Amino acid sequence: MNVFKKVKASALQYVLIISVIIALVVFAFIGLVSLQQRLQSKNTVYKEAIRNVQSAFQYLEHTKIDYNEEKEIQLSDIALENTIISKKHWGAFDMVTITCTINNESFTKVALVGNNNQKQDALHLQENNTPLVVVGKTKIVGNASLPKQGVKTGNIAGTSFYGNQLLYGRTKRSSSSLPSIQNLSYLKSLKNSIVGKDENLFFELEEGMLKEQTFLEETIFTASNATVFLRNITLRGNIIVYSSTKIKVDKSAILEDVLLIAPIIEIGKNTVGNFQAFATKELKVGEQCDLKYPSALVLLSNKSQKNIANTPEASFFIKKGAKIKGIVLFENEDTQKINFNQQVVIAENTMITGEVYCNQNLELLGTVYGSVYTNKFITKQFGSVYVNHLYNAEINRTKLPVSYCGLAIEGNTQKVAKWVY
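Residues numbered from 1 in each chain as written. Predicted model: local features only at pLDDT ≥ 70, side-chain atom pairs only at ≥ 80, totals over all residues. Heavy atoms only, no water.

**Re the pairing of strand β16 (residues 246-249)**
Every other side chain in a regular strand lies on the same face of the sheet, so the side chains alternate between the two faces. Where burial is concerned, the two faces of β16 differ: the one with I247 and V249 is buried and the one with K246 and K248 is not. Relative to β16, strand β13 (residues 228-230) is paired through 3 bridges, and the arrangement is parallel. Pairing of F229 across the sheet is with K248, part of β16. Pairing of β16 with strand β18 (residues 264-267), which is carried by 4 bridges, proceeds in the parallel orientation. (Buried < 20%, exposed > 50% of the residue type's maximum accessible area, 1.4 Å probe, protein only. Helix = DSSP H or I, 4+ residues; strand = E, 2+ residues; numbered from the N terminus. Pairing = 2+ DSSP bridges.)

Okay, structure coming up:
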């Protein structure tokens, strides 16, 4: 019997082909397993970087970080972990960038942050030896710092106080000055923000333009010596609009996170947006405007009281039906405070969710869900002037969201107001 049989060549070819296929499958499987392991390791490292960035923002809540400097911190036991925090001003808020790198895997987040104070008073009325007088449907909910004369009821043109309680909260004695704003000197310098900037960072406005700049890039500017009209235009992100005379915002403009800087700023009726406006002479907000959080309306004036007394209308006027979520700030450098004109008027049917700060005279006829700081209330009704009277106004601290972050006063607890990258 012949045990050595001839094997057909075609059979050997089949064996070789099958062997090659098996080898390819094995190598593919090994490669897939290796790739999955690498991806899993990369994913683990990336998740750790994300956790470290989140921890860094929590670290920031109670830790002072210098502006325009980078601070390195170690947030884990990983030897190759590197977390860098940097902070700079962005209008009334701070902009914080945190980057965590682990084994060449990086994760970056950018946020606008502000002061978060859960113990903030509903009202801080400066000590001027004049009591607070509540009239009509006025309602104050929350703790209040008041002059030594406290709060009482009053009457305006036959209208008395209709509430059941003068104030829903505790009272304490106020001081002869308002709490200080920590970044006020920076806000005053904003008018010089374009000085010395690289020409390559400037751009020309065009109607119909869509311009976006991330907060990981350098700030870009548009500037003019004439009135700037913002209409049929979209501007988002790390952008500053400057005019040496006036800026007018039309309801057709879409503005998000940008800064507007001019002596006079007029925000037209029905404007919807999320931006910060900084004026030095006048700031007008039209009817039915809706400014989303975190917006800021700031008027830093150096007018003398003599000039203010001769002004027929308030230099800072928020008209009927406007809704603002964020900061309303008026600051006058003049220390002479004996005058009976309103520097800030918040009209009836307005809704401010946030903070109102006025170191001069405020006429509040609308609603504030948050906190009010003022030197004095002035109400002009039926041809008469009423000092420290609140007429049909509401201040309710309990309706301010606990996550709200705003003015840099009364403490240093900084939290995220908005993620911008």
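Now that the structure has been shown, the text picks up again.
**Considerations on unusual backbone geometry**
Following Y293, the chain continues to P294 via a peptide bond in cis, the omega torsion being 0 degrees. Counting through the fold element by element, P294 comes out in strand β21 (residues 290-301). Although it is not a glycine, N349 adopts a positive phi angle of roughly 65 degrees.

**Considerations on the environment of F215**
Looking at the element boundaries, F215 is found in the loop between β11 (210-213) and β12 (220-224). Residue F215 is classed as buried on the basis of its relative accessible area of 5%. For F215 and M95, which are 120 residues apart along the polypeptide, the C-alpha to C-alpha distance reads 8.7 Å. Residues in contact with F215, not counting those within four places in the same chain, are W90, M95, V110, G237, N238, D257 and V420. (Contact = heavy atoms within 4.5 Å.)

**Examining the nonpolar core**
Proteins that are soluble and globular tend to have nonpolar side chains buried together. Residues L123, L230, L235, L260, L297, I318 and L364 are the most contacted members of the largest nonpolar core, which totals 57 residues. Per element, the largest residue contribution to this core is 5 residues, and it comes from strand β25 (residues 351-364). Apart from residues lying up to four places away in sequence, I318 is in contact with V285, L297, I324, V328, V345, I346, A347, T350 and I352. Counting residues in each nonpolar core, the second largest holds 34 residues, with W90, I181, F278 and L400 among its members. (Core = buried A, V, L, I, M, F, W, Y, C linked by side-chain atoms within 4.5 Å.)

**Concerning the sheet that holds strand β6 (residues 132-135)**
Spatially, the 3 strands line up as an open sheet ordered β9-β6-β28, and their pairing is parallel. Of all strands in the sheet, those with a lone pairing partner are β9 (151-153) and β28 (389-391), marking the two edges. The average undirected angle you get between the axes of adjacent strands in this sheet is 25 degrees. Pairing of β6 with β9, which is carried by 3 bridges, proceeds in the parallel orientation. By the bridge assignment, V133 is partnered in β9 with K152. (Axes fitted to C-alpha atoms, helices over the stretch in contact; angles between N-to-C directions.)

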